[in-house]
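Below, each chain spelled out in residue letters.
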Amino acid sequence: MSVDAKYKTTATATGGGRDGTTALADGTMSLNLVVPKELGGPGGDGANPEKLFALGYSACFLGALRVASGQTKIKVPEGTTVTATIGIGPRSEGGFGITAELDVYLPGLSEADATKLVETTHTICPYSNAIKASVDVKTTTRS
């Protein structure tokens, strides 16, 4: 697979990884990282890779809905939202894996149009494409 990257960004993590900091090379954002209590850490204020993935996936999928709208000719309604829930835990095969759930709210669309729009979006969204071989994304579509 070949990707013609039109935009790139760079971040560097320091400290303990999940309990250090991460910052963008351009200086526009720096975040303190904290291990959640559920993973044996102290919890509290701070980010973690799963929070960052949820933020990115929800925003990316919402943007990709707009592109899918142009392809399907199904208008994205005002008030549309995408909520991403990302989980982490041990895999039965060893190591760790992630889970992903998307709740896509498309107010006023018919079930058929909402389903078609979301299915098309999954073929466009870079996050969906990046994880489709290893993560079963559970999608709930509401209208």
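We now turn to the structure provided with this report. (Residues numbered from 1 in each chain as written. Predicted model: local features only at pLDDT ≥ 70, side-chain atom pairs only at ≥ 80, totals over all residues. Heavy atoms only, no water.)

Considering the sheet that holds strand β5 (residues 96-105)
Then, number 1: Reading across from one edge, β4-β5-β6 is the order of the three strands in this open sheet, with mixed pairing throughout. Of all the strands in the sheet, the pair left with one neighbour each is β4 (81-90) and β6 (137-142). Here the average twist between neighbouring strands, direction ignored, is 15°.
Then, number 2: Two strands pair when backbone bridges link them, and β5 and β6 are joined in this way by six bridges, in the parallel orientation. Bridge pairing links L102 to T139 in β6.
Then, number 3: In the packing of helix α1 (residues 49-72) onto the sheet, the strands contacted are β4, β5 and β6, and the crossing angle to β4 comes to about 145°.
Then, number 4: Sitting on the sheet, helix α2 (residues 111-124) touches β5 and β6, and the angle it makes with β6 is about 150°. (Pairing = 2+ DSSP bridges. Helix = DSSP H or I, 4+ residues; strand = E, 2+ residues; numbered from the N terminus. Axes fitted to C-alpha atoms, helices over the stretch in contact; angles between N-to-C directions. Contact = heavy atoms within 4.5 Å.)

Things to note about the state of the cysteines
Then, number 1: Per the stated rule, a full pass over the model turns up zero disulfides.
Then, number 2: Free of any disulfide, C60 has its nearest cysteine sulfur in C125, 3.7 Å distant.
Then, number 3: By relative accessible area, C125 is classed as buried at 0%. (Disulfide = S-S within 2.5 Å. Buried < 20%, exposed > 50% of the residue type's maximum accessible area, 1.4 Å probe, protein only.)

Quick word on the environment of E78
Then, number 1: Its place among the elements puts E78 in the loop between α1 and β4.
Then, number 2: The exposed category is assigned to E78, whose relative accessible area is 72%.
Then, number 3: Each C-alpha atom, one on E78 and one on L31, is 32 Å from the other, the two residues being 47 residues apart in sequence.

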